[in-house]
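Structural overview for review
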Amino acid sequence: MENHPFYQAQGSEIELFERAWRNRLPLLIKGPTGCGKTRFVAHMAAKLNLPLYTVACHDDLTAADLVGRHLILDGQTVWSDGPLTRAVREGGICYLDEVVEARKDTTVVLHPLADDRRILPIDRTGEQLVAPASFMLVVSYNPGYQNFLKGMKPSTRQRFISLAFDFPPAKQEEAILVGETGIDEMTAKRLVSIANAFRALRDHDLEEVASTRLLVYAATLIKDGCDPTLACRSALVETLTDDPETAVALREVIDATFGR
Amino acid sequence: MEEYVGELWHKLVTRAADKEHEDAVVRLDEISKTAAIFFRALGGDAGLNLSASPATRHGARRRWMQRLATTGDRVELSWRDGETLRLPEHIGLFSERSLNRDLYLWLVALSAADVDENLPWIIRNQAATQLTLERFAGLVPRYNRLLEATLALRPLPEKLPTAEAAQENSIRQALQNPGSVDVLPYSKTPFHPVALWSHPAPPINANANVTTNNGAPETVSPDKPDAAKSRRKHAAERTDMPDGKDGFLMMFRAESLFSWTEYIKVNRPQDEEDDLESAAQAAEDMDNMTVARDSETSAAKLRFDLDLPPAGEDDAPLGEGVSLPEWDYKKQLLQPDYCRLQEVVAQQTEACELPAQLRRTAKRLRSQFQALAPARTWLKGQQEGEDIDLDAWVRQEADLLSGTHPDNRGVYRAQVNQQRDLACLLLADLSLSTDAYASDNARVIDVIRDSLFLFSEALSATGDRFAMYGFSSLKRSNVRFNHLKTFDERYDTNVRGRIQAIKPGYYTRMGAAIRHASTLLAAQPQRQRLLLLLTDGKPNDLDRYEGRYGIEDTRMALHEARQLGLRPFCVTIDIEANEYLPHLFGAGGFAVIRKPEDLPKELPLLYAQMTR
Ligand SMILES: Nc1ncnc2c1ncn2[C@@H]1O[C@H](COP(=O)(O)OP(=O)(O)OP(=O)(O)O)[C@@H](O)[C@H]1O
Ligand SMILES: [Mg+2]
């Protein structure tokens, strides 16, 4: 059982996920990029021993991409299930990442699945699938100005219970770095303190903030023997800004942490 | 005395020309941006500006503030001495350039440390040093290098008279072993200023009498600041040393200081009627506030004269005027035809080009925003087109083979210009408060003007439909809605002329302005309609339109806007906005720009992010 993807809990999200699953409630997870949403779902799928189908949403995504389509093979038509259909048939988890990117008319196919009917009508084959008890629909998105106008239809949104993620408190984020990469605690502590210094610049000097993912990258480089300052520069500074002066300031923060 | 100490510090840090290491000098200009970001990253207040100023200016400023402090509570000038982080204009203390640079960064780091400002100077600086080195252990080697170089420049205790030697020894100890010195020994002669320590005390506030007991912990001043006051984080609570006896001076307060920005609030009795008297009183209050910002430069004059006709001389009415309702939250009732709104347009404006200082930014923004312009995209399932839509074709074939009815959706892909189906109306607050200074050299209104310019530049590069209006009010019968650019007008030299001509008006009856703007925006056919409100404070007007009443009416107006299918979003420079904007715009429905002078640059970027 210990083959689950490593996930460091932040609060009671594991319990909540399990309750949602047991009670057949669909779940919406929101939070900034790289804060562990995908990892959390992967972890829960493994923990509950369910197959996981992930779809990265984009504005070209059609209902057929989710549900399935006919293909032609040797002059014959073959129906091919989309990821959503497969998850329903197998009673697994279907995870729609960045769901606000999908057009609203696409997300409407989720409606009958995401309420108490739990059905998936497939127009093209005339089938109507009833989701087994273990099937769960999970969607995620990243709130922020970027998505201010996109949003979700209230009728979609209100079919889900919601979990808000953010970057974890320092101690837990350090544990994530240690757990993910095996670096020593001191280095983890320093990396997290740099990240939090950068995060203080959110909306002001930096458009984006350092995600846990980037910290994992930096830690990975350091674990591999890379000089910490260099690792932070390439994993954090240069990823977060193109502005030379901002970069100089960010490097100063790194030097103030790792010494010079 | 302060000026004297200031100069002392100035000389020390800059090494007064002769002793300064000319070739090693680092100027604030060179590293100000780095320093500012560094400061914020280390936890410093993001609302602060960073700048240099000559030492002698502070005396002038102190007198100014003393004068203000006596104007009583009718006019609350809620200035924050925490507006600016002052650093030496240049540092040439050490012979090595890198050390001078490090001293800058060290001073910045030290000012970012969160220590109790009521602590005596010597304790506070040690605490800040300890805290900084603890949080950023990587600074230790640098601190040690700076310390060594600093000690080498300080007078040797052996060569000083006893009292001064004791003092010097304490300072040295405090520097070498921060946290180990509780009291600074008394000496008649001022000690040599300490380059590694800053003095985050704002200039003097005549009301506060905090004495410094030669380094012993101070008692908190008896009149506890109330909640509103304590929000001014860096409130000035220090006075001159009692004459003569102070062994150490209040330390150099020269450059490493915080300047302020004035904020105007006109205090009026809560349950005020629509009477002229109180309006006149308000005007009088404003007159009292006609102050020079500082005695050297020409001043910011805040003058407000009620004799002036409500429409400024060069504003002409456009059309009939509109009657609008207003929400009375106490009665839970929309009062019909309660406000009179008049669209006006500035007369005698001269068509103009983009101001020169904005051209570079505008050029950059335009090229960035072209990326948002209608892109060519492929449409699937078309009856005709340049390319075959393989998906559609396969589906059609499959449907035929499997016997289901093919939908006649077409099997071609066609390339088209994808329109951004978006209209935006920008509504700018032009009330009197925009006459206040946003930074050392720009008023809020100037910042708003630049923002309107750059916003227009950026949006005309996208091809998005947009309109711009300003508003202010003087009671419910006089809501002015300044025509800047309609949806149908092109952004041209005439529009620029109108932007150039915007002036601070009176009050801020937000509800009425939002209602009228909503009507205009709702008439646009676009699918997404963004109502962008640009403001610097809460709704308020003379006739009871303030506090809860104004907020609730504004909230109702926004609610109506959403009902019309519009998306209101607010961009503000009011740092207290978090207290009321969530109530009005919802948690994700507004952005606070902490440094007003960044607004012109930030506004287009926000727009881009929101509509991407
Ligand atoms: N709580 C956590 N436990 C373990 N690892 C984590 C945790 N949070 C983040 N991580 C690490 O951060 C990386 C990024 O997390 P993840 O991919 O889940 O982010 P996300 O929230 O899905 O981001 P996006 O919105 O960009 O898809 C993971 O690969 C993992 O290494
Ligand atoms: Mg993800």
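Residues numbered from 1 in each chain as written. Chains lettered and ligands numbered in written order. Predicted model: local features only at pLDDT ≥ 70, side-chain atom pairs only at ≥ 80, totals over all residues. Heavy atoms only, no water.

**Quick word on the sheet that holds strand E9 (residues 161-164) of chain A**
Residues and elements named next belong to chain A.
- Taken in spatial order, the five strands of this open sheet run E2-E5-E8-E1-E9, and their pairing is parallel. Lying at the two open borders of the sheet, with one neighbouring strand each, are strand E2 (52-56) and E9. Sheet twist, expressed as the mean angle between neighbouring strand axes with direction ignored, is 20°.
- As paired strands, strand E1 (residues 27-30) and strand E8 (residues 136-141) are joined by four bridges and run parallel to one another. For Lys 30, the partnering residue across the bridge sits in E8 and is Tyr 141.
- Where helix H2 (residues 37-47) meets the sheet, its contacts fall on E1, E2, strand E5 (93-97), E8 and E9, and the angle it forms with E5 comes to roughly 175°. (Pairing = 2+ DSSP bridges. Helix = DSSP H or I, 4+ residues; strand = E, 2+ residues; numbered from the N terminus. Axes fitted to C-alpha atoms, helices over the stretch in contact; angles between N-to-C directions. Contact = heavy atoms within 4.5 Å.)

**Things to note about the packing of aromatic side chains**
- A full pass over the atoms with the stated rule returns nine aromatic pairs over all chains.
- Taking 5.3 Å as the distance between ring centres and 50° as the angle between the ring planes, the aromatic pair formed by Phe 40 of chain A and Phe 165 of chain A counts as tilted. In this pair, Phe 40 of chain A sits in helix H2 while Phe 165 of chain A sits in the loop between E9 and helix H8 (170-181), placing the two residues 125 residues apart along the sequence. Phe 165 of chain A shares its class with Phe 40 of chain A; the two are buried.
- Judged by centre distance (5.9 Å) and plane angle (80°), the ring pair of Tyr 545 of chain B and Tyr 549 of chain B falls under edge-to-face.
- The exposure class assigned to Tyr 545 of chain B is buried, which follows from its relative accessible area of 0%.
- We classify Tyr 549 of chain B as buried; its relative accessible area is 6%. (Phe/Tyr/Trp six-rings, centres within 6.5 Å; stacked < 30°, edge-to-face > 60°. Buried < 20%, exposed > 50% of the residue type's maximum accessible area, 1.4 Å probe, protein only.)

**Remarks on a nonpolar patch on the surface**
Residue and element names in this part refer to chain B.
- Among the surface-exposed residues, Ile 388, Leu 390, Trp 393 and Tyr 412 lie close enough to one another that they form a single nonpolar patch of about 400 Å² accessible area.
- Note that Tyr 412 resides in strand E11 (residues 412-418).
- Assessed through its relative accessible area of 34%, Tyr 412 is described here as partly exposed. (Patch = residues over 30% accessible without salt bridge, like charges linked within 9 Å, V, L, I, M, F, W, Y side chains within 5 Å. Areas by Shrake-Rupley, 256 points an atom, 1.4 Å probe, with all protein chains shown as cover. Salt bridge = Lys/Arg side-chain N within 4 Å of Asp/Glu carboxyl O.)

**Considerations on the confidence of the model for chain B**
Residue and element names in this part refer to chain B.
- Residue-level pLDDT values for chain B average 71, and 70% of them are 70 or greater.
- Within chain B, no element has a lower average pLDDT than strand E3 (residues 75-77), which sits at 19, and none a higher one than helix H14 (residues 510-522), at 95.
- Segment residues 13-18 is flagged for pLDDT under 50; beyond a separation of four residues in sequence, or across chains, it makes 14 contacts in the model.
- Contacts of residues 200-311 to residues separated by more than four positions or lying in other chains number 269 contacts, the stretch itself having pLDDT below 50. (pLDDT = per-residue confidence, 0-100.)

**A few points about the site of ligand 1**
Residues and elements named next belong to chain A.
- If you check the shell around ligand 1, you find 17 residues, and the closest are Thr 33, Gly 34, Thr 38, Arg 39 and Glu 180.
- Cys 35 places a main-chain nitrogen or oxygen 3.2 Å from an oxygen atom of ligand 1.
- The side chain of Lys 37 places a nitrogen or oxygen atom 2.8 Å from an oxygen atom of ligand 1.
- Relative to its unbound accessible area of 640 Å², ligand 1 is 89% covered by the protein chains.
- Residue composition of the shell around ligand 1, grouped by class: six nonpolar, six polar and five charged.
- Each of domain 1 (13-164) and domain 2 (170-257) accounts for three or more of the residues forming the shell around ligand 1. (Near = heavy atom within 4 Å. Polar contact = N/O pair within 3.5 Å; in protein donor to acceptor, adjacent residues only side chain to side chain. Nonpolar A, V, L, I, M, F, W, Y, C, P; charged D, E, K, R; others polar. Domains from an automatic or database assignment.)

**Brief notes about the side chain of Asp 450 of chain B**
Residues and elements named next belong to chain B.
- Structurally, the position occupied by Asp 450 is in helix H12 (residues 444-462).
- At 6.0 Å, Arg 449 is the nearest oppositely charged side chain to Asp 450, a buried residue that forms no salt bridge.
- Other than its neighbours up to four places away in sequence, Asp 450 contacts Gln 357, Leu 358 and Pro 600. (Lys, Arg positive; Asp, Glu negative; His and termini not counted.)

**Describing helix H10 (residues 359-370) of chain B**
All names here are of chain B.
- Taking 1.5 Å per residue as the helical rise, H10 with its twelve residues ought to reach 16 Å, and the 16 Å between its terminal C-alpha atoms agrees with that figure.
- Among all positions of H10, only Ala 362, Leu 365 and Phe 369 are buried. Axial view of H10: buried residues confined to an arc of 65°, hence all on one face. Away from its buried face by more than 90 degrees, H10 exposes Arg 360 and Lys 363.
- As for H10, its buried residues are in contact with H12 and helix H17 (599-611). (Expected span 1.5 Å × (residues − 1). Arc of directions from axis to C-beta.)

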